[in-house]
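Structural description and commentary
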Amino acid sequence: MPVLTANSRRDIEIHRYPAVLYLLVPFVALVLQALLPHWLGRFAYFDLPLVVTIYFALARRSPAQGMFLGIVLGLFQDALTHRAIGINGIAKTVAGYLAASVGIRIDVENLLIRLVLNFALTLVSNGIYLLIYRGLLGMDFAWSWLDMILQAVGNSVIALVLFPLLDRFQVRD
Amino acid sequence: MESFFVRYRNLLVLLALLVAQILGLAIQVRRNAEGRTSYDPRDSEGVQLIRLWANAVVSPPERAVANSRSGAGWIWENYFDLRNVRQQNQNLQSEIDQLRLEQAELLEDARAGQRLEALNGFQQKYLYKTIIAQVIGGSGTDLSRVFYLNKGKDEGIARDMAVITPEGIAGKVREVYPHSAQVLAINDQTSGAGVILETTRIRGILRGNAQGEPAVVNILADQRIQPGEKVLTAGGDQIFPRGLPVGTVEKVEKDPDRDGFIQVVVKPASRLNGLDEVLVITDSEPRLNDKQLKDLAASESEKSVEAAALNEQKKASQILEEKLPGLTDPNAAKPAANAAQPGDGSTPAAPAGPKLLTPQHSDRFTPGYTGPPAQPADQAPKPATPKPATGNNPTGNTSGANHPATQTPKPATKPANPPSEKKPEAPKPQLHPDESVPMPAPKSNPNINP
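Residues numbered from 1 in each chain as written. Chains lettered and ligands numbered in written order. Predicted model: local features only at pLDDT ≥ 70, side-chain atom pairs only at ≥ 80, totals over all residues. Heavy atoms only, no water.

This paragraph deals with the overall build of chain B. Of regular secondary structure, chain B possesses six helices and 14 strands. Residue pairs in contact within chain B that sit at least 24 positions apart in sequence constitute 58% of those at least 6 positions apart. As displayed, chain B offers around 28100 Å² of accessible surface, 55% of which is attributable to carbon and sulfur atoms. (Helix = DSSP H or I, 4+ residues; strand = E, 2+ residues; numbered from the N terminus. Contact = heavy atoms within 4.5 Å. Areas by Shrake-Rupley, 256 points an atom, 1.4 Å probe, with all protein chains shown as cover.)

Before going further, it helps to spend a moment on helix α4 (residues 63–80) of chain A. With 18 residues, α4 of chain A extends 26 Å from end C-alpha to end C-alpha; this agrees with the ideal 26 Å at 1.5 Å per step. Every buried residue of α4 of chain A is accounted for by Pro63, Gly66, Met67, Leu69, Gly70, Ile71, Leu73, Gly74, Gln77, Asp78, Ala79 and Leu80 of chain A. (Expected span 1.5 Å × (residues − 1). Buried < 20%, exposed > 50% of the residue type's maximum accessible area, 1.4 Å probe, protein only.)

Scanning all chains against the criterion turns up seven cavities of 30 Å³ or more. Of the pockets and cavities examined, the largest cavity occupies roughly 380 Å³. Around the largest cavity sit 26 residues that line it, and Asn126 and Gln151 of chain A together with Thr141, Asp142 and Leu143 of chain B are the ones nearest its centre. Elements with a minimum of two residues in the lining of the largest cavity: α2 (19–40), α5 (87–105), α6 (111–136) and α7 (145–167) of chain A. Per-class residue counts for the lining of the largest cavity are eleven nonpolar, ten polar and five charged. (1 Å grid on protein atoms, 1.4 Å probe; cavity = no way out; pocket = protein on both sides within 12 Å on 5 of 7 lines; lining within 4 Å. Points joined across faces, edges and corners; volume = space filled by probe spheres on them. Nonpolar A, V, L, I, M, F, W, Y, C, P; charged D, E, K, R; others polar.)

Let's shift gears to α7 of chain A. The α-helix advances 3.6 residues per turn, and as a result positions three or four apart in sequence lie on the same side. Residue and element names in this part refer to chain A. Compared with the 33 Å implied by 1.5 Å per residue over 23 residues, the 32 Å span of α7 between its first and last C-alpha is a close match. Among the residues making up α7, those that are buried are Met148, Gln151, Ala152, Gly154, Asn155, Ser156, Ala159, Leu162, Phe163, Leu166 and Asp167. Those residues of α7 that are buried lie in contact with α2, α3 (48–60) and α6.

So, about the packing of aromatic side chains. Residue and element names in this part refer to chain A. All chains considered together, the criterion is met by seven aromatic pairs over all chains. Between tyrosine 55 and phenylalanine 56, the ring centres sit 5.5 Å apart and the planes meet at 75 degrees, which makes this aromatic pair edge-to-face. With respect to burial, tyrosine 55 and phenylalanine 56 carry one shared label: buried. (Phe/Tyr/Trp six-rings, centres within 6.5 Å; stacked < 30°, edge-to-face > 60°.)

Residues and elements named next belong to chain B. The strand order around the closed barrel built from six strands is β3-β4-β7-β6-β5-β14, with neighbouring strands paired in antiparallel fashion. The average undirected angle you get between the axes of adjacent strands in this sheet is 45 degrees. By the bridge criterion, three bridges tie strand β3 (residues 129–138) to strand β4 (residues 146–149) in an arrangement that is antiparallel. When the bridges of β4 are listed, glycine 138 appears paired with phenylalanine 147. (Pairing = 2+ DSSP bridges. Axes fitted to C-alpha atoms, helices over the stretch in contact; angles between N-to-C directions.)

Listed below in structure tokens is the structure:
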């Protein structure tokens, strides 16, 4: 009986999707992230590009792909703000890398683990953002821990709905 | 060695990506003379290009969504209206449902129409050139409170233009693209607008705090600032015209970063979290409509007529002053004779005035009055001629020239002439009302009582 190593599990459980989905989902996430806060006002506690990054990094179980998606979405998000380009890029690159690295080691099909991962990675991403802003760039930046936690909760709730929806588009061999 | 790279390939890629982005960040920030780091307000060409790409990707769907909100209403209404006509005879219930939907849609359109009408009305009476623009999206994060407009460079919008609503100011244009523009809201932490508190006239800088509320900072603790006070633009920032409403004071808090200072949290007048249509001030030169121009011309002509009438009054009062008898002593010595010559080193020259007449019937109000005479006139000692008060006369001149009560009345239109520059007027001879001949000034006679 062959031993189920990390690599063999990775080979077995890599999910594949239609190519158009890799473009469409991040694009829709970026547009909705720009649109929805305008309609929802101060209740827009979510970061859709981060949720999408985490999902694809977990599903593909490839740190390189997770990092690539994270950097692209992060830079796009930065470009839509008036702040320096690269802060979100770094935060989401690390989030993509961590998500994919965790995905290799543990079973990420479990809904609870997905929720916890989203919650934790949102906090990590926001923490990196804060670290870069204050530590690396040495700029003044007021921060609300409550907002950060609410955003982590919001991302988890969205993942609860979005992940099973995107799972339906998996290509079965 | 090869195995090292293979084994740590992902980690090395991660490090390479992080280093590249950190270098990119280092290019974008500047350290100013005070040693503080800040963004370069003008993006470099490369950064502008990235922002342009991102905007080109995200803006079209945003515009489509914004347009579809009105376009969909039109399609919906027309299509379902026709369908209703066809189905009218078949299914009344479906028509009723449809009409209900339509009614809701029309209600929404009416509200939008009212909003636009109000905005248009505000624009008509506003003195500056403005463009109405629609808000089509935002940055998507609370960390950057910017929003995008559906109009840009091609429609005449440029950087640093003020963005307002009929209720109050909203932000300033930060970046301009061909058909869209990025606006930095006043509740962003990096924004800054000069404001003034309406009642206390305290000035400060308005910027957003961590909670996304606009707050006036750099204010010393002041008990006079109370919730409810209006906050207006101060006009010193060269972006917002002076006097535009900003909001009202919501609460006063201690500045966490600076002792002795407070921050005044402002409830914004405009609904920053739900902006739909805004006005962009494209030109701060006053734009007067026909009625305002007419009013201005009428005001100017009225002013000139008033000035002419005032001149006439001045001339008339001068003529009256010359012709009417005054309280002057025609026998008084020329004031120039008594006045010290300027520049002779003695007492400074004082404006000379007419000599005060002695009272014909002195009473207890007369200066120097000591009471009724107790002896006959021929035996009683002659009372001293009443002298005017000289307390205000630094020269010691008793002519009473400096006493305000003794000065010849002047028309009120000559207050600008200093007393020292006045030419002393020769006292006019007092005329007897019946004889119309010069009459000497009567001397004081204490025996005659009224």
